[in-house]
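Residue-level listing of the chains:
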Amino acid sequence: MRRAALCALFLAWLYGVPFLLIVGLIRRTSSPHLATRAEAQAFGATTDAVLIAALALNLAVPLSGVLLARLAREPYWTRHFAWSLAGTVLICLAVSAADAAATAPLIGYTPADQEPVPPVDHCVPISGGRGCPGG
Amino acid sequence: MRLWQLQRMDDLAAPRRSSFGLSLLVALGWYATAVGAIVVGRSGVPAAPDRYCPGFFGCLTPLEQLALFAIVGAPLIAGLLAYTAAATALLARWIPSPILAGSLSALSGVLAVAMATAVWNAAA
């Protein structure tokens, strides 16, 4: 029972973190078609949530796993979770390399939207060029 | 087991190799994770509604693209699976953890595909 739980926790880290990272990076590097500014902000917020969840799980699962496996006195899983901390560092390095390669920040980026620019419906005076009636 | 392989006494109780089946499952899990993540990630990206879609394969959804690849790329997939089975059998002999053996096998499989693609592109 304890072994099955530790195994499930380890597999959640092993497969879950790369899964979330791939999903988040695909969303982040894609150019989605978003009709309004609100849609673009929602899309960016979801992408951020996926990437933050991946990074948080990447740190939290190995640390709690080492602790739980030690408490449960399972040397096999303690060893595995301890080594998975090296994987955590590798993933952090890969993500920071991707962050350095991108021109915009990886997290907190809002993609472009297709919302039309609102038409100017009042006179805007331009210094040296155009005056407005009555002003 | 030969004498020089006996590093510790408990090696007699725990052989320093891992189960082939479990290692292969771990490796296949990596492929499933990668394919699933690509399909899920691309499905979440909205496409323009007024795209120009000439021909039958003009605009495919990510799932349809995957199905098409599974048919067209069947030899490639079969080759990757055969390579993975061989690499896993080899690695599982030396690495006592099926998780590490399967992960390294999947990693080497991806590298093998990348190298094969590079060679193919250079030749074509």
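**Student:** Give me the lowdown on the overall build of chain A, citing residues and values where you can.
**Tutor:** The number of helices and strands found in chain A is 3 helices and 0 strands. In chain A, the order of α-helices and β-strands from amino to carboxyl end is α-α-α. For chain A, whose C-alpha radius of gyration is 24 Å, the value lies well above the compact-globule estimate of 14 Å for 135 residues. In chain A, buried positions account for 24% of the 135 residues.

**Student:** For helix 1 (residues 2-29) of chain A, give the residues involved together with the corresponding values.
**Tutor:** In this model, helix 1 of chain A (28 residues) spans 40 Å end to end at C-alpha, consistent with the 40 Å of a helix rising 1.5 Å per residue. The sharpest bend along helix 1 of chain A measures roughly 30 degrees and falls at Gly 16 of chain A, with the proline Pro 18 of chain A sitting one to four residues further on.

**Student:** Could you give an account of the interface of chain B and chain A, naming the residues involved and the relevant values?
**Tutor:** Many authors give the size of an interface as the accessible area that is lost as the parts come together. Facing the 16 residues of chain B at the interface are 13 residues of chain A. Here the element with the most residues in the side of chain B that touches chain A is helix 1 (residues 20-43) of chain B; it accounts for 9 residues. Along the lines of polarity and charge, the residues of the side of chain B that touches chain A split into 9 nonpolar, 6 polar and 1 charged.

**Student:** Give a description of the nonpolar core that names residues and reports values.
**Tutor:** What tends to happen in soluble globular proteins is that the nonpolar side chains get buried as a cluster. If you look at the biggest cluster of nonpolar residues, it comprises 23 residues, and the most contacted ones within it are Leu 20, Leu 21, Ile 22, Val 23 and Ala 54 of chain A. Contributions of two or more residues to this core are made by helix 1 and helix 2 (37-71) of chain A together with helix 1 and helix 4 (98-123) of chain B. For this core, the element with the highest residue contribution is helix 1 of chain A, accounting for 10 residues.

**Student:** Requested: an account of the environment of Leu 55 of chain A, with residues and values cited.
**Tutor:** Residues and elements named next belong to chain A. Looking at the secondary structure, you find Leu 55 in helix 2. By C-beta crowding, Leu 55 is classed as buried, having 20 other C-beta atoms within 10 Å. A sequence separation of 40 residues divides Leu 55 from Val 95, and the C-alpha atoms of the two residues are 8.9 Å apart.

**Student:** I'd like to hear about the packing of helix 1 of chain A against helix 3 (residues 75-101) of chain A, residue by residue, with values.
**Tutor:** All names here are of chain A. Where helix 1 meets helix 3, the axes come as close as 11 Å, and the angle between the chain directions of the two elements is 5 degrees. Relative to helix 3, the element helix 1 lies roughly parallel. Here Leu 6, Phe 10, Trp 13, Val 17 and Leu 25 of helix 1 come into contact with helix 3, specifically with Trp 77, His 80, Phe 81, Ser 84, Ile 91 and Ala 98. Counted by class, the contact of helix 1 with helix 3 contains 9 nonpolar, 2 polar and no charged residues.

**Student:** Now, about the packing of helix 1 of chain B against helix 2 (residues 62-72) of chain B: what can you tell me, with residues and values included?
**Tutor:** Residue and element names in this part refer to chain B. At a minimum axis distance of 9 Å, the contact between helix 1 and helix 2 shows a crossing angle of 145 degrees. Contact residues: helix 1 offers Val 39, Arg 42 and Ser 43, while helix 2 offers Pro 62, Leu 63 and Leu 66. Of the residues assigned to the contact of helix 1 with helix 2, the class counts are 4 nonpolar, 1 polar and 1 charged.

**Student:** Quick rundown of the environment of Val 66 of chain A? Include the residues and the values.
**Tutor:** Residue and element names in this part refer to chain A. Mapped onto the elements of the fold, Val 66 is located in helix 2. When the 19 C-beta atoms within 10 Å are taken as the criterion, Val 66 is described as partly exposed. Note: C-alpha distance between Val 66 and Ala 12 (54 residues apart in sequence) is 14 Å.

**Student:** Requested: an account of the confidence of the model for chain B, with residues and values cited.
**Tutor:** Overall, the prediction assigns chain B a mean pLDDT of 87, with 88% of residues at 70 or greater. Predicted as a complex, the structure gets a pTM of 0.84 and an ipTM equal to 0.83.

Calculation criteria
- Residues numbered from 1 in each chain as written.
- Chains lettered and ligands numbered in written order.
- Predicted model: local features only at pLDDT ≥ 70, side-chain atom pairs only at ≥ 80, totals over all residues.
- Helix = DSSP H or I, 4+ residues; strand = E, 2+ residues; numbered from the N terminus.
- Rg over C-alpha atoms; globule rule 2.2 N^0.38 Å.
- Buried ≥ 20, exposed ≤ 12 C-beta atoms within 10 Å, placed from the backbone.
- Expected span 1.5 Å × (residues − 1).
- Bend = angle between axes of the 7 residues up to and from the residue.
- Contact = placed C-beta atoms within 7 Å.
- Nonpolar A, V, L, I, M, F, W, Y, C, P; charged D, E, K, R; others polar.
- Core = buried A, V, L, I, M, F, W, Y, C linked by C-beta atoms within 7 Å.
- Axes fitted to C-alpha atoms, helices over the stretch in contact; angles between N-to-C directions.
- Parallel < 35°, antiparallel > 145°, perpendicular 65-115°, else oblique.
- pLDDT = per-residue confidence, 0-100.

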